[in-house]
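Close look at the chain arrangement
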There are 2 protein chains.
Amino acid sequence: MNLSCPLPKLDFDTINLGHGSGGTLTSQLLDAGVFKLLENELLNKKHDGAIFNLEGKVAMSTDTYVVSPIFFEGGNIGDLAINGTINDLAMCGAAAKYLTLGFVLEEGLKMTEFWEILLSIKAACEAAGVNIVTGDTKVVERGKGDRIFINTTGIGLVHPKANIDAENIKAGDKIILSGPLARHGITIMSHRQGLQFESTISSDTRPLNKIVLALLDEFGEKIHFLRDPTRGGLATVLNEIAAGSKLGIDITQKNMSVEEEVAGACEMLGLDPMYVANEGLFVAVVDPAVAAAVLCRLNEWEHGEMASIIGEMTTDHSRQVIMKSLIGGRRVVNMLPGEQLPRIC
Amino acid sequence: MNLSCPLPKLDFDTINLGHGSGGTLTSQLLDAGVFKLLENELLNKKHDGAIFNLEGKVAMSTDTYVVSPIFFEGGNIGDLAINGTINDLAMCGAAAKYLTLGFVLEEGLKMTEFWEILLSIKAACEAAGVNIVTGDTKVVERGKGDRIFINTTGIGLVHPKANIDAENIKAGDKIILSGPLARHGITIMSHRQGLQFESTISSDTRPLNKIVLALLDEFGEKIHFLRDPTRGGLATVLNEIAAGSKLGIDITQKNMSVEEEVAGACEMLGLDPMYVANEGLFVAVVDPAVAAAVLCRLNEWEHGEMASIIGEMTTDHSRQVIMKSLIGGRRVVNMLPGEQLPRIC
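Let me sum up the structure you'll find in this document. Only a predicted model underlies this, so the values are computations on that prediction, with no experimental measurement involved.

The next thing to look at is the overall build of chain A. Broken down by element type, chain A carries eight helices and 13 strands. Taking 20 Å as the expected radius of gyration for a compact globule of 345 residues, we find that chain A reaches 21 Å, a close match to that expectation. If you line up chain A on its principal axes, its C-alpha atoms span 65 × 50 × 35 Å. Expressed as a percentage of its 345 residues, the buried residues of chain A come to 63%. Within chain A, contacts between residues at least 6 apart in sequence are counted, and of these 86% link residues at least 24 apart. Surface summary for chain A: the accessible area is close to 12,900 Å², and the carbon and sulfur share equals 49%.

Right, dumping it as structure tokens:
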């Protein structure tokens with residue numbers, strides 16, 4: 001916790017229903033806390049909405065975060081919510097600029113916990129260069145929520161060279177994975193199961209806007225599609241890409257990296273890393289002519305040393321994802337039918 | 001319910017955790033239901049976000065709806081969520097254009113209820129001329145939510161003649177209230193208390209975009225400020241206006257209209273209508289030169305026959321709201337300190 005931002009003096013140690021009333025207690029909570037911490041020219045207006053100028057092609061994305069536990073190795077629900085929406089915009093080829101924040105707080109949430117989450121939100125906004133411009137705070141009775149849910153909705157300008165669309169995907173395109181699989185999901189799951197490992201596994205939550213925009217600067221339209229494999233994992237995203245492009249996908253298991261600790265945890269928990277959620281990871285479908293260069297840029301990125309080309313698009317087996325396994329067999333990779341890890345993000 | 005939109009065939013009668021997995025069940029729910037019902041060119045892309053062109057001054061607003069009960073006289077959480085965000089944008093002088101939808105569903109929510117809410121969302125979008133362009137669906141375990149919470153975030157273009165800002169408010173400005181007080185809050189409260197009245201009291205949830213834009217067309221910058229008195233009611237909004245403008249406010253109780261049934265219910269429940277939530281109501285602070293004309297336009301509007309000038313801004317008693325009561329006394333109207341009606345919107 002940033003010691004220069006101590007918890008403000010409030011009359012209560014926990015959130016109560018009055019904090020959601022829209023009256024004095026709401027004002028006190030917002031003025032002493034949220035507005036002061038996240039202040040910027042637009043938020044400071046404290047109007048029902050924010051007003052700003054925007055010119056050009058805009059992307060808009062929304063996500064509600066209900067992750068449980070709300071604090072985990074590598075982050076908490078606050079930075080997860082900021083990074084997640086920044087990344088959804090990055091996957092549209094857009095640089096997140098303005099975010100909104102919608103809290104649903106459960107009566108009894110500790111002020112210190114709320115404050116710690118706010119500090120993470122502030123840090124994540126600063127790291128990614130975005131502003132919270134407007135927000136909303138609701139409080140529900142004990143037992144009608146789960147401590148805190150956060151909706152973040154963001155808008156940003158689409159990179160002038162970006163043209164990200166499943167319809168641009170062609171047979172022969174290479175599929176690049178930006179890093180190792182399953183870190184976020186395994187972090188959450190281990191936490192819930194009370195598992196301890198020799199070295200700590202931590203969530204890969206991080207903003208992807210800078211690396212994606214750098215790739216778009218250099219490779220523009222040659223980057224045909226981007227998607228971050230969060231809920232449902234890599235397997236789900238590949239199936240969505242196959243369905244959207246009406247092409248098939250061939251992937252090679254040995255090219256997908258999974259950190260040793262994570263792989264061990266997956267085995268122990270009986271989980272397939274291809275179906276486990278990630279947060280700071282993305283899949284790029286690129287023109288084969290630039291695939292090697294894109295991979296090279298990714299490998300130079302501080303979080304990209306394990307990036308790799310995991311497969312390619314094909315006219316064979318339309319809408320199906322086929323994986324060549326470690327032992328050389330070939331199998332269909334389906335979408336996850338139900339829920340492997342509830343409340344992962 | 002629109003009979004031309006029957007509930008689609010799904011494998012389950014209730015929402016389960018799998019519907020929030022991001023996998024097959026999520027796709028089934030979205031493809032058979034949400035995407036089909038709310039379809040438009042942008043939503044149909046099913047990408048992580050929506051991409052569109054926007055030029056000029058833009059307003060952005062967010063709200064999470066946690067109202068309980070989710071169905072009530074005059075509406076449900078679905079149209080409430082659409083109208084609420086449209087109205088927040090209207091209060092910025094903007095015409096809502098694109099909305100996002102974030103669901104937090106509790107395991108066990110009946111599919112028929114979810115479908116009815118979706119139909120109301122569709123109808124509210126059509127009535128106001130807005131599109132849902134992207135969304136998110138999360139499912140939480142039984143007991144960790146309350147059937148359904150909905151976040152709606154919207155953006156829209158600010159009317160070229162609009163200049164809505166608390167700093168524009170001047171002493172002498174007239175304060176106009178667009179209709180009778182307390183309908184939404186009393187509807188919700190009566191429902192919770194199981195109260196029945198001779199005639200039915202129903203929520204005033206409705207979109208305010210068309211009337212507000214018509215007023216801006218005609219009166220432009222002479223409309224200095226707009227605010228809808230939802231949570232916290234009229235008293236809270238007037239206090240916010242006094243604080244924002246650094247001026248005082250004089251209001252006259254007899255000029256504020258409350259329908260007879262609503263007034264009776266307020267008395268029975270011991271509630272002051274000035275603190276009860278409204279949904280389809282707004283306060284306009286306008287130049288005195290146009291006050292009579294604005295009132296006239298409002299009275300012509302189908303929901304505005306009870307609109308009235310309730311008071312004016314003054315340099316006396318800065319930041320204080322003073323009401324001349326029915327019996328002629330004067331009293332300070334404070335902000336609501338705590339919570340009068342939790343979970344009202």
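Picking up after the structure, the text goes on.
Let's shift gears to the relation of the copies chain A and chain B. Between the two copies, chain A and chain B, the superposition gives an RMSD of 0.0 Å; the rotation angle is 180° and the shift along the axis is 0.0 Å. Both copies of the chain, as the preceding transformation shows, are related through a two-fold rotation axis. Interface overlap between copies is the fraction of interface residues in one copy that are interface residues in the other; for chain A against chain B it reaches 99%, indicating a shared surface.

Of all 16 residues in strand S1 (residues 50-65) of chain A, twelve are buried; the element is thus mostly enclosed. Bridge analysis of S1 of chain A against strand S1 (residues 50-65) of chain B gives eleven bridges, and the strand direction is antiparallel. In the strand pairing of S1 of chain B, isoleucine 51 of chain A is matched with alanine 59 of chain B. Sheet analysis places S1 of chain A next to strand S6 (residues 148-158) of chain A, joined by eight bridges and oriented antiparallel. Each residue of the ladder has a partner; that of threonine 64 of chain A, found in S6 of chain A, is asparagine 151 of chain A.

This part is about the packing of helix H5 (residues 209-219) of chain A against helix H8 (residues 288-300) of chain A. A packed helix pair is summarised by two numbers, namely the angle formed by the two axes and the spacing between the axes. All names here are of chain A. At a minimum axis distance of 11 Å, the contact between H5 and H8 shows a crossing angle of 145°. In this structure, H5 meets H8 at a crossing whose hand is right-handed. Contacts between H5 and H8 pair Ile211, Leu215, Glu218 and Phe219 from the former with Val290, Ala293, Val294, Arg297 and Leu298 from the latter. Considering only residue class, the contact of H5 with H8 consists of seven nonpolar, no polar and two charged.

Listed as interface residues are 76 residues of chain A and, on the opposing side, 75 residues of chain B. Contact between chain A and chain B buries roughly 5,800 Å² in total, counting both sides, with carbon and sulfur atoms accounting for 52%. Area buried by chain A at its contact with chain B is led by Asp48, Met60 and Arg231 of chain A, which between them contribute 13% of it. Summed over the shared surface of chain A and chain B, the result is ten salt bridges. Linking chain A with chain B are 25 residue pairs in polar contact (both at pLDDT 80 or more). Elements that contribute at least two residues to the side of chain A that touches chain B include exactly helix H1 (24-37), S1, strand S4 (94-106), strand S5 (131-140), S6, strand S8 (223-227) and helix H6 (233-245) of chain A. Looking at the side of chain A that touches chain B element by element, the count peaks at 15 residues for S1 of chain A.

For the rest of this paragraph, the subject is the packing of aromatic side chains. For the structure on display, the rule yields five aromatic pairs over all chains. Where phenylalanine 103 of chain A meets phenylalanine 114 of chain A, the ring centres are 5.2 Å apart and the plane angle is 80°; that geometry is what we call edge-to-face. Here phenylalanine 103 of chain A, found in strand S4, pairs with phenylalanine 114 of chain A, found in helix H3 (residues 111-128); they are eleven residues apart in sequence, far enough to count as distant. Measuring from ring centre to ring centre gives 6.4 Å for phenylalanine 149 of chain A and phenylalanine 149 of chain B, while their planes differ by 50°; the resulting arrangement is tilted. With phenylalanine 149 of chain A in strand S6 and phenylalanine 149 of chain B in strand S6 (residues 148-158), this residue pair bridges two chains. The class for phenylalanine 149 of chain A is buried, based on a relative accessible area of 1%. Here the basic side chain of lysine 138 of chain A rests over the ring of tyrosine 65 of chain B, its NZ or CZ set 5.5 Å away from the ring centre.

Moving on to the environment of glutamate 312 of chain B. Residue and element names in this part refer to chain B. By the element assignment, glutamate 312 lies in strand S11 (residues 308-314). Each C-alpha atom, one on glutamate 312 and one on asparagine 53, is 41 Å from the other, the two residues being 259 residues apart in sequence. In terms of polar contacts, glutamate 312 uses its side chain to reach the side chain of lysine 174, at 2.6 Å.

The next thing to look at is helix H8 (residues 291-300) of chain B. Residue and element names in this part refer to chain B. Every buried residue of H8 is accounted for by Ala291, Val294, Leu295 and Leu298. Within H8, the buried residues cover an arc of 100° as seen down the axis, which keeps them to one side. Exposed residues on H8 whose side chains face more than 90 degrees from its buried face are Ala292 and Glu300. The inward-facing, buried residues of H8 contact strand S7 (174-177), helix H5 (209-219), strand S10 (283-286) and S11.

Residues and elements named next belong to chain A. By the element assignment, isoleucine 15 lies in the segment before H1. Residue isoleucine 15 is classed as buried on the basis of its relative accessible area, which comes to 1%. With 295 residues separating them in the primary sequence, isoleucine 15 and isoleucine 310 have C-alpha atoms 47 Å apart. Leave out the neighbours within four places in its chain, and isoleucine 15 touches Leu29, Leu105, Glu106, Glu107, Gly108, Leu109, Met111, Phe114 and Val139.

What follows covers the sheet that holds S11 of chain B. Residues and elements named next belong to chain B. In space, the seven strands of this open sheet follow the order S8-S10-S7-S11-S9-S12-S13, with mixed pairing throughout. Each edge of the open sheet carries a strand with a single partner, namely strand S8 (223-227) and strand S13 (330-332). Within this sheet the neighbouring strands show an average axis-to-axis angle of 25°, counted without direction. Sheet analysis places strand S9 (residues 248-252) next to S11, joined by four bridges and oriented antiparallel. Bridged to aspartate 250 within S11 is glutamate 312.

Cut-off values and rules
Residues numbered from 1 in each chain as written. Chains lettered and ligands numbered in written order. Predicted model: local features only at pLDDT ≥ 70, side-chain atom pairs only at ≥ 80, totals over all residues. Heavy atoms only, no water. Helix = DSSP H or I, 4+ residues; strand = E, 2+ residues; numbered from the N terminus. Rg over C-alpha atoms; globule rule 2.2 N^0.38 Å. Buried < 20%, exposed > 50% of the residue type's maximum accessible area, 1.4 Å probe, protein only. Contact = heavy atoms within 4.5 Å. Areas by Shrake-Rupley, 256 points an atom, 1.4 Å probe, with all protein chains shown as cover. Least-squares fit on C-alpha atoms with pLDDT ≥ 70 in both. Pairing = 2+ DSSP bridges. Axes fitted to C-alpha atoms, helices over the stretch in contact; angles between N-to-C directions. Left-handed = near helix turned anticlockwise from the far one by under 90°. Nonpolar A, V, L, I, M, F, W, Y, C, P; charged D, E, K, R; others polar. Buried area = accessible area lost by both parts, 1.4 Å probe. Salt bridge = Lys/Arg side-chain N within 4 Å of Asp/Glu carboxyl O. Polar contact = N/O pair within 3.5 Å; in protein donor to acceptor, adjacent residues only side chain to side chain. Phe/Tyr/Trp six-rings, centres within 6.5 Å; stacked < 30°, edge-to-face > 60°. Lys NZ or Arg CZ within 6 Å of the ring centre and 35° of its normal. Arc of directions from axis to C-beta.

In short, geometric facts, not functional conclusions.
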